[in-house]
Amino acid sequence: MSATPKKNLMLFSGRAHPELAEQVAKELDVTITPQSAYSFANGEIFVRFEESVRGCDAFVLQSHSAPINDAIMEQLIMVDALKRASAKRITVVMPFWGYARQDKKHRGREPISARLIADMFKTAGADRIMTVDLHTSQIQGFFDGPVDHLFALPVLADHIRKTYSDRELAVVSPDSGRVRLAERWADSLGGTPLAFIHKTRDPMKPNEAVANRVVGDIQGRTCVVIDDMIDTGGTVAKAVEALLAEGAADVIVAATHGVLSGPATERLSNCGAREVIFTDTLPIPDEKRFPAMTVLSIAPLVARAIHEVFDDGSVTSLFDGNA
């Protein structure tokens, strides 16, 4: 008996960010595989797929949004269900890698939780991971398998180019650790000047930073403050205030992941920034939005990357790399 093997792409979505999954499915011209997913009274999660997944190329999309541990556990259970149902290849699509900030030990007796996340998905049965704008690039090496690291820079920078083409821009890193990213931003915006905020952070106090001074010439320019994520908004709000105090004409904030915990919305809406731009890697509900906030869709980028992986193409080619 002989058979010609065929490839079959199937898209699966967790419950954390169904809007993004629907957009990705629309871009790919596929339907999300129907499933039963619910939580028991004690918080345990159950998932069952309503169609056969045997031999399929499975893409499991879940945003690690609050409550983050439920979102991660649900995705792990989905991967385990696919493995036990004989899916041929399982790609975990996590636009935001949960626990990514815990990528090294600052002091003794601390975990490296970003590595733990990778280990759990490997144990559950994931063959590869797709993610957007990791907190630090070395997290790619935590997973023992291929990691497709997508960049939201083209999406964000294209919006800024179209909206502020008539202005003198400067790219500002909120701290010295993001200077390399700021250099890529400056290149994509046509060689704009660079600056960064010199700040200190107490490792004993999470989500707290002190903006010290601006390093670089930003006088009279529209400053683009870039970051990978904004959580409570304290760092960025202080950076905007420091830039305006140093003579910046205007400030735009551009970040990939809008975590937006606690007072973030209030801080960002009152910090003096002309525009705050995010992608929708994480769901941003209406109550956390304000008039100066712009949310761009990451779905076309994720869909193109999924198509390249399924088609054995080049994900690098999506970012002007050599295929």
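Below you will find a few notes about this structure.

About the cut-offs
- Residues numbered from 1 in each chain as written.
- Predicted model: local features only at pLDDT ≥ 70, side-chain atom pairs only at ≥ 80, totals over all residues.
- Heavy atoms only, no water.
- 1 Å grid on protein atoms, 1.4 Å probe; cavity = no way out; pocket = protein on both sides within 12 Å on 5 of 7 lines; lining within 4 Å.
- Points joined across faces, edges and corners; volume = space filled by probe spheres on them.
- Helix = DSSP H or I, 4+ residues; strand = E, 2+ residues; numbered from the N terminus.
- Nonpolar A, V, L, I, M, F, W, Y, C, P; charged D, E, K, R; others polar.
- Pairing = 2+ DSSP bridges.
- Axes fitted to C-alpha atoms, helices over the stretch in contact; angles between N-to-C directions.
- Buried < 20%, exposed > 50% of the residue type's maximum accessible area, 1.4 Å probe, protein only.
- Right-handed = clockwise from strand over helix to strand, strands pointing away.
- Contact = heavy atoms within 4.5 Å.
- Polar contact = N/O pair within 3.5 Å; in protein donor to acceptor, adjacent residues only side chain to side chain.
- Phe/Tyr/Trp six-rings, centres within 6.5 Å; stacked < 30°, edge-to-face > 60°.
- Lys NZ or Arg CZ within 6 Å of the ring centre and 35° of its normal.

Now for the layout of surface pockets. Counted as a void, the second largest pocket has a volume near 300 Å³. The wall of the second largest pocket is formed by 13 residues, among which Leu153, Pro154, Leu318, Phe319 and Asp320 lie closest to the centre. Among the secondary structure elements, those contributing two or more residues to the lining of the second largest pocket are helix H4 (153-163), helix H5 (179-188) and helix H8 (299-310). Looking at the lining of the second largest pocket residue by residue, the class counts come to 8 nonpolar, 1 polar and 4 charged.

So, on to the sheet that holds strand S5 (residues 89-94). Whenever strands of a sheet pair, they do so through backbone hydrogen bonds, lying parallel or antiparallel. Across the sheet, 5 strands lie side by side as S1-S4-S5-S6-S7; this open sheet has parallel pairing. Each edge of the open sheet is held by one strand with a lone partner, namely strand S1 (9-13) and strand S7 (147-150). Between one strand axis and the next, the sheet turns by 20° as a mean value, whatever way the strands run. Note that strand S4 (residues 57-61) and S5 share 5 bridges and pair parallel.

Across the 5 residues that make up strand S6 (residues 128-132), a large majority, 5, are buried. A two-sided burial pattern is seen for S6, the buried positions comprising Arg128, Met130 and Val132 on one face and Ile129 and Thr131 on the other. What joins S5 to S6 is helix H3 (residues 113-124), and the crossover it makes is right-handed.

Note on placement: aspartate 227 falls in strand S11 (residues 222-230). In contact with aspartate 227, not counting residues within four places along its chain, are Pro174, Arg178, Val236, Ala254, Ala255 and Thr256.

Now for the side chain of histidine 17. Its location among the elements puts histidine 17 in the loop between S1 and helix H1 (18-28). Owing to a relative accessible area of 7%, histidine 17 belongs among the buried residues under this scheme. Only 3.1 Å separates the side chain of histidine 17 from the side chain of glutamate 19, close enough to count as a polar contact. Only 2.9 Å separates the side chain of histidine 17 from the backbone oxygen of aspartate 280, close enough to count as a polar contact. In this structure histidine 17 touches Gln62, Ser63, Asp280, Thr281, Leu282 and Pro283, once residues within four positions along its chain are discounted.

Here we take up the packing of aromatic side chains. For any pair of aromatic rings, the description rests on two quantities: the centre-to-centre distance and the angle between the ring planes. Within the structure shown, the criterion is met by 4 aromatic pairs. Measuring from centroid to centroid gives 5.2 Å for tyrosine 38 and phenylalanine 46, while their planes differ by 35°, and the two rings are tilted. With relative accessibility at 31%, the residue phenylalanine 46 sits in the partly exposed group. Taken together, the aromatic side chains of Tyr38, Phe40 and Phe46 make up a single cluster linked through ring pairs. A cation over a ring is seen here: lysine 7 above phenylalanine 310, with NZ or CZ 4.9 Å from the ring centre.

Moving on, we get to the pairing of S11. Across the 9 residues of S11, 9 count as buried, placing the element largely inside the fold. The sheet contact formed by strand S8 (residues 169-173) and S11 spans 4 bridges and is parallel. Bridging across to S11, alanine 170 finds its partner in cysteine 223. With 8 bridges joining them, S11 and strand S12 (residues 250-258) adopt parallel strand pairing.

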